[in-house]
Amino acid sequence: MIVVKDLVRRYGTHTAVDRLSFTAQPGEIVGLLGPNGAGKTTTMRILTGFLPPTAGSVQVGGFDVQTDSLEVRRRVGYLPERVPVYPDMTVRGYVLFWARLRGVPRPAAAVEAVLKRFDLLDRQHKLVRSLSKGLRQRLGLAQALVHNPPVVILDEPTIGIDPGQVIEVREVVKSLRQEHTVLFSSHILSEVEQVCDRVVILHRGRMVAAGTPEVLGRQMKPGTHLYVALGGKAPAEIKKLLQKLDGVHTVREQGAGFVISSHGERDQRAAVTALSARHGLPLLELRPIELSLEDIFLTLLEKG
Amino acid sequence: MLTIWIIFRREVAQYFASPLAYLIAAAFLLLTGITFNNDVALSITVKPVEPALIPDLLAEIMVLIAPLLTMRLLAEEHREGTVELLLTAPIADSSIVIGKFLSAWAYFTFLLALTLLYQFILVNISQPDIAHTIAAYLGIWLYGGATLAVGLLFSATTENQILAAFLSLITLLVLYFGDSAGQIVANLDVAAILFNLTLRGHYAPSFSIGVVRAEDVVYYAGVMAVALFIAIRLLESKRWRG
Amino acid sequence: MARITGGITLTRGGLGQAGSVIGGVGLVSGLLGLLWQGGFTPAIGLLLAAGAGGLALWATLLPEDARAFLRGRQVRYSTLSIFSTLLLVGIVGLTYILVQRQVIVADMTVDSRFTLSPETMTVLQTALRSPQKIEITGFYYAYQVLQREIDDGYFQLYESLTGGHIYRRYINPTEEPGFSAAYMDFIAQGYNVFLSFVNDDGTLRQETTIPLAITGRQEADITKGLRQLLVSGAFVVYFDTGLGEPDPLSNLQQDLSILNNYLRTNGLVTQSLDVAALAAAGGSIPADASAVMIVQPRRDMTAAEVAVLDAYLRRGGSLFIAADVFFTEDLFLKDGGPLNEYLWQYYGLRLRQEVVVDPTASGQTPLDPISAAVFGNNQIGQNLNIAGQPQTATQFRLARAIELNENPPVTNGSIIMTSPEAWGETDWQALSQLNAFSFDPAADRRGPLTTAAWAFDEATGAKVVLVGDGDFVTNGFIISPQGNAVLALDSLGWMTGYTEAVEFQPAALLTTPVLFVDSQTLDLIGFLTVILLPGAMLALAAAIYARRLRQ
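Residues numbered from 1 in each chain as written. Chains lettered and ligands numbered in written order. Predicted model: local features only at pLDDT ≥ 70, side-chain atom pairs only at ≥ 80, totals over all residues. Heavy atoms only, no water.

Draft legend 1. Just the interface of chain C and chain B, in detail. Tallying the contact residues gives 63 residues for chain C and 75 residues for chain B. Buried area between chain C and chain B, both sides added, is near 6,000 Å², and the carbon and sulfur share of it is 73%. Summed over the shared surface of chain C and chain B, the result is zero salt bridges. There are four residue pairs in polar contact (both at pLDDT 80 or more) connecting chain C and chain B. If you list the elements that add at least two residues to the side of chain C that touches chain B, you get helix H1 (12-37), helix H4 (77-102), strand S1 (105-107), helix H6 (145-161), strand S3 (166-171) and helix H17 (519-550) of chain C. (Contact = heavy atoms within 4.5 Å. Buried area = accessible area lost by both parts, 1.4 Å probe. Salt bridge = Lys/Arg side-chain N within 4 Å of Asp/Glu carboxyl O. Polar contact = N/O pair within 3.5 Å; in protein donor to acceptor, adjacent residues only side chain to side chain. Helix = DSSP H or I, 4+ residues; strand = E, 2+ residues; numbered from the N terminus.)

This is the structure in structure tokens:
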């Protein structure tokens with residue numbers, strides 16, 4: 001459904017997306033994961049036909065975003081990061097407007113259905129300006145889905161709303177799986193893990209990893225990353241010793257100690273303690289760490 | 001066409017749902033009403049009523065009204081971010097600009113139509129030169145369209161409505177006062193060219209005195225076409241600038 | 001396109017882009033200017049040069065962009081936008097110029113004020129038959145550009161309807177002071193448009209130039225001027241100089257240059273003539289003479305000289321006489337003199353040796369009679385003594401009375417008469433030596449006395465106008481009061497047939513009637529338009545605002 005190949009997008013001299021390739025199949029929820037400025041929004045804007053790519057090809061439903069922009073736009077439902085609203089329209093009028101503009105055959109019925117689905121029917125005659133943030137988010141989703149598009153692109157739909165609503169939105173996104181190809185961006189690892197079938201991790205415009213959340217998640221499981229602080233020797237020597245441990249693939253300096261990452265399910269804590277005893281190095285600190293997204297990227301980057 | 005109609009309908013509804021638009025209408029009607037009453041009072045037993053009275057007044061104040069009516073149109077889309085949805089809807093960029101322009105023009109037409117009440121009163125109390133009045137109304141309708149197109153152009157440049165209004169006011173003032181260049185420029189040909197470039201230069205010597213000249217219609221249509229074309233290009237540039 | 005709200009940074013790209021804008025704008029406006037002017041002017045050269053310079057700057061600073069453009073490849077987005085916009089501006093400008101040349105105009109006014117009337121169309125047909133083109137020379141200062149545009153609407157009609165046989169040209173007096181100098185006197189008086197025949201080499205035939213004052217009725221003004229121009233040369237007025245009359249070319253107070261100029265600016269040709277010399281040589285008055293003027297002669301005419309006039313009148317000629325009071329032996333038109341007898345016999349008019357004294361209708365002294373009564377039975381009197389316009393009366397200085405035959409051989413009549421209180425003073429000795437005058441019932445005739453009269457011989461077409469005063473046409477008196485000039489010009493207009501040839505009555509302006517409204521209706525209108533309608537809008541605004549607050 002979505003085929004992105006060698007996508008490049010530059011703003012002047014700054015490269016926002018750099019040779020990005022990935023695909024998404026029908027019935028799949030693909031997560032774009034990355035910190036702010038990773039190129040998630042730019043990628044999505046290119047997919048929706050809002051921005052043209054600098055190089056590379058992007059196809060949605062078999063249509064190229066540059067040559068068949070209108071066809072692509074017809075097949076995409078889009079919720080930008082900041083829900084765009086017309087404050088002085090009614091809820092119904094707002095959704096009806098987008099339904100008409102996107103050529104929905106029976107707009108009134110479609111609007112009715114989508115408002116019902118997002119539980120907005122009782123507020124349909126209210127002005128948009130009176131809606132709370134969470135309701136606006138639902139309105140944004142209603143707008144993106146009113147024309148029942150094969151592809152739904154949601155740019156950080158859970159940002160800035162309260163936890164209860166976050167769960168609600170996640171459920172909605174999951175429910176889209178049957179009928180739509182969904183591209184979903186977030187900078188929260190756990191959210192992507194929960195919602196997505198596949199994840200593409202972006203950092204500074206580049207794809208640093210891709211795969212199912214299980215595969216990616218395994219690398220990030222608690223216990224596979226340890227913070228180790230050893231005394232008695234120069235850091236460089238300690239780093240060498242740590243790297244020799246069985247199963248450890250990366251060792252990064254952090255603060256006064258190191259973060260070691262290892263393959264597989266093995267807990268390296270025993271190995272580290274043994275190392276400390278064997279070389280007579282005082283063990284100053286040893287704790288498993290929950291890696292921040294930034295750490296993961298750094299880890300992935302060093303690995304790749 | 002259909003998409004232009006959909007945009008147009010939303011924008012027109014927007015005008016009629018906005019208190020500001022009615023405030024503008026109230027001020028507009030107060031001004032035209034006072035002018036009309038003055039002319040009637042001055043005319044009694046002295047002269048026939050002035051056939052181009054209201055259009056002549058509007059030729060003066062359209063420069064102020066047009067920015068107010070158009071500043072919101074695209075600037076608000078930029079500010080609210082809805083422009084992103086518009087530009088990702090399956091419609092041509094030109095439909096957005098044209099639909100919005102037509103809505104502003106329609107609202108202006110509505111205001112103009114309200115002033116026809118004065119003509120209706122005049123028909124009942126005297127025998128005004130109706131055809132002359134129609135010519136003047138046609139002229140100010142086109143004149144107004146041109147000023148609105150310029151206003152829309154500047155609304156496309158920025159997300160700040162006030163700035164948009166200010167920029168279009170400045171531009172319209174230049175287009176309006178351009179004919180005063182004759183007071184500064186000593187060269188008659190240059191003054192004539194400047195005069196013919198201005199909005200008033202195609203109203204005062206023709207429509208206002210009851211004459212419809214094809215060249216003036218072409219001028220106003222041309223101003224609208226160029227301003228809208230630039231507005232479309234500006235909107236499009238949003239895609240390139242991101 | 002550069003972001004207008006952003007800061008300005010000068011980059012190579014930005015500068016190159018500016019170059020492309022300047023280049024494009026320069027080229028487009030230069031080409032349009034070329035089309036508009038139909039020729040090359042320095043300003044257009046400047047624009048084209050700026051265009052070329054801008055494009056050169058663009059090509060230098062953004063060579064790859066320019067190359068791509070020339071090869072029709074994708075160029076910098078903004079460059080493409082700029083050029084496509086300029087292309088559109090060019091197309092619009094071109095359309096405008098083409099349409100403007102077509103002069104497509106719909107006149108919507110109730111009285112078709114801006115459409116040329118059938119009368120004008122007839123005049124245009126006549127104009128087309130003239131071998132020489134006619135130039136409408138308009139003098140407008142730059143600040144009069146609006147007036148020029150309005151007038152131009154008319155001039156354009158004349159030009160297009162005659163296919164350029166009548167054409168317009170505009171002069172700014174500040175720009176072409178040399179050319180304008182000859183016209184400045186007229187321009188200062190409000191005559192800023194001139195009609196002239198044009199020589200084959202394009203120069204104006206200045207002797208034919210007719211000055212026009214453009215009022216609110218452009219068509220009437222221009223068409224009347226055109227008629228004047230078209231008849232110019234057709235009417236020749238001869239001033240007799242053989243009897244010691246004042247000089248028509250001299251601008252001294254007692255001479256006649258103002259009258260002469262009036263006639264010339266109206267398209268009449270003026271010449272001098274010496275009836276005495278003609279009589280001596282056995283000659284006759286030239287065949288082209290539309291009228292002969294004898295103003296303030298110093299001696300009476302001989303029978304031989306009268307015979308010359310008689311021959312001329314029998315051919316259908318016109319004679320204008322403005323005789324005066326001179327305390328001399330050989331008084332012009334003295335009692336029993338040959339000319340006086342001749343006029344009495346054939347035209348039923350004679351000038352008497354009476355000085356008009358009018359105690360009621362006169363100027364500084366009773367010897368300066370003002371037209372007390374004017375007769376409108378001839379077109380000469382129609383523009384005199386207009387009600388409410390005292391300056392349209394005539395005023396004479398030492399006038400003689402005219403006697404009209406009760407049973408005239410031809411139709412004749414008075415033009416101007418004194419008041420009933422006036423009398424004709426016959427005691428010239430007391431008057432000249434003591435400056436004394438008094439009514440003598442035995443000798444003096446009682447008023448009202450005729451001071452100006454006309455006669456028309458239907459059999460021959462001969463016309464005579466006799467005025468008992470000669471001062472009124474001289475430079476010192478012809479301007480004030482205005483009636484003096486009107487009397488002279490309308491007399492000549494009638495005699496020569498000029499007035500009939502030139503007079504243009506525009507279709508009556510069907511101005512919409514004056515407004516009558518009673519105060520009650522007025523109050524209702526005021527309430528409706530100033531209070532109810534804006535108030536309704538305010539109420540709507542408030543209602544919507546309130547609804548918003550509730551939500």
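Draft legend 2. Structural detail: unusual backbone geometry. Residue and element names in this part refer to chain C. Positioned with a positive phi, Asn 385 is a non-glycine residue whose angle comes to about 50 degrees. With respect to the secondary-structure elements, Asn 385 resides in the loop between strand S11 (373-374) and strand S12 (400-404). Judged by its relative accessible area of 29%, Asn 385 is partly exposed. Phi angles above zero are rare outside glycine, and Leu 398 is one such case at about 55 degrees. Residue placement: Leu 398 occurs in the loop between S11 and S12. (Buried < 20%, exposed > 50% of the residue type's maximum accessible area, 1.4 Å probe, protein only.)

Draft legend 3. Just empty space enclosed by the protein, in detail. Across all of its chains, the model carries five cavities of 30 Å³ or more by this definition. The computed volume of the largest cavity comes to approximately 120 Å³. For the largest cavity, the full set of lining residues is Pro205(B), Ser206(B), Ile209(B), Val211(B), Arg213(B), Val105(C), Phe114(C), Glu149(C), Ile150(C), Gly153(C), Tyr154(C) and Leu157(C). For the lining of the largest cavity, the secondary structure elements donating two or more residues are strand S1 (211-213) of chain B together with H6 of chain C. When residues of the lining of the largest cavity are assigned to their parent elements, the largest contribution, five residues, is made by H6(C). (1 Å grid on protein atoms, 1.4 Å probe; cavity = no way out; pocket = protein on both sides within 12 Å on 5 of 7 lines; lining within 4 Å. Points joined across faces, edges and corners; volume = space filled by probe spheres on them.)

Draft legend 4. Geometry of the layout of surface pockets. The calculated volume of the largest pocket comes to roughly 1,800 Å³. Forming the walls of the largest pocket are 47 residues, and the residues nearest its centre are Leu197(B), Val25(C), Ser29(C), Leu32(C) and Val89(C). Contributing elements (two or more residues each) for the lining of the largest pocket: helix H6 (130-155), helix H7 (161-177), helix H9 (188-197) and helix H10 (214-241) of chain B together with H1, helix H2 (42-61) and H4 of chain C. Across the lining of the largest pocket, the residue classes tally to 33 nonpolar, 13 polar and one charged. Space inside the second largest pocket adds up to approximately 1,500 Å³. Every residue lining the second largest pocket is counted, 39 residues in all, and those nearest its centre are Tyr191(C), Gln228(C), Tyr262(C), Asn266(C) and Leu489(C). Put simply, the parts of the chain that give the lining of the second largest pocket at least two residues each are helix H8 (184-188), strand S5 (210-212), helix H9 (218-231), helix H10 (257-265), helix H15 (483-496) and helix H16 (498-502) of chain C. Tallying contributions element by element places H15(C) first for the lining of the second largest pocket, with seven residues. A class-by-class count of the residues in the lining of the second largest pocket yields 16 nonpolar, 17 polar and six charged. The residues that make up the lining of the second largest pocket include at least three from each of domain 2 (118-231) and domain 3 (236-502) of chain C. (Nonpolar A, V, L, I, M, F, W, Y, C, P; charged D, E, K, R; others polar. Domains from an automatic or database assignment.)

Draft legend 5. Local environment of the nonpolar core. Counting residues in each nonpolar core, the largest one holds 165 residues, and the members touching the most others are Tyr94(A) and Tyr220(B). In terms of residue count, the dominant contributor to this core is H10(B) (14 residues). Apart from the residues within four sequence positions on either side, Tyr94(A) is in contact with Pro84(A), Val85(A), Tyr86(A), Met89(A), Val128(A), Leu139(A), Gln143(A) and Leu85(B). (Core = buried A, V, L, I, M, F, W, Y, C linked by side-chain atoms within 4.5 Å.)

Draft legend 6. Seen up close, helix H12 (residues 303-314) of chain C. Residue and element names in this part refer to chain C. The end-to-end C-alpha distance of H12, which contains twelve residues, comes to 16 Å, matching closely the 16 Å that a straight helix rising 1.5 Å per residue would cover. Inspection of H12 places Glu 305, Val 306, Val 308, Leu 309, Asp 310, Tyr 312 and Leu 313 among the buried residues, and these make up the whole buried set. Positioned one or two residues after H12, Gly 316 has a phi angle of 95 degrees, which is positive. (Expected span 1.5 Å × (residues − 1).)

Draft legend 7. Focus on the sheet that holds strand S1 (residues 2-11) of chain A. All names here are of chain A. Taking strand neighbours across the sheet as the criterion, the four strands line up as S2-S1-S4-S5 in an open arrangement whose pairing is antiparallel. In the strand order of this sheet, the two ends are held by strand S2 (14-24) and strand S5 (63-64), each with one partner. In this structure, strand S4 (residues 55-60) lies alongside S5, joined through two bridges in antiparallel fashion. Each residue of the ladder has a partner; that of Val 60, found in S5, is Phe 63. Helix H1 (residues 40-47) rests against S1, S2 and S4 of the sheet, and its axis sits at about 115 degrees to S1. (Pairing = 2+ DSSP bridges. Axes fitted to C-alpha atoms, helices over the stretch in contact; angles between N-to-C directions.)

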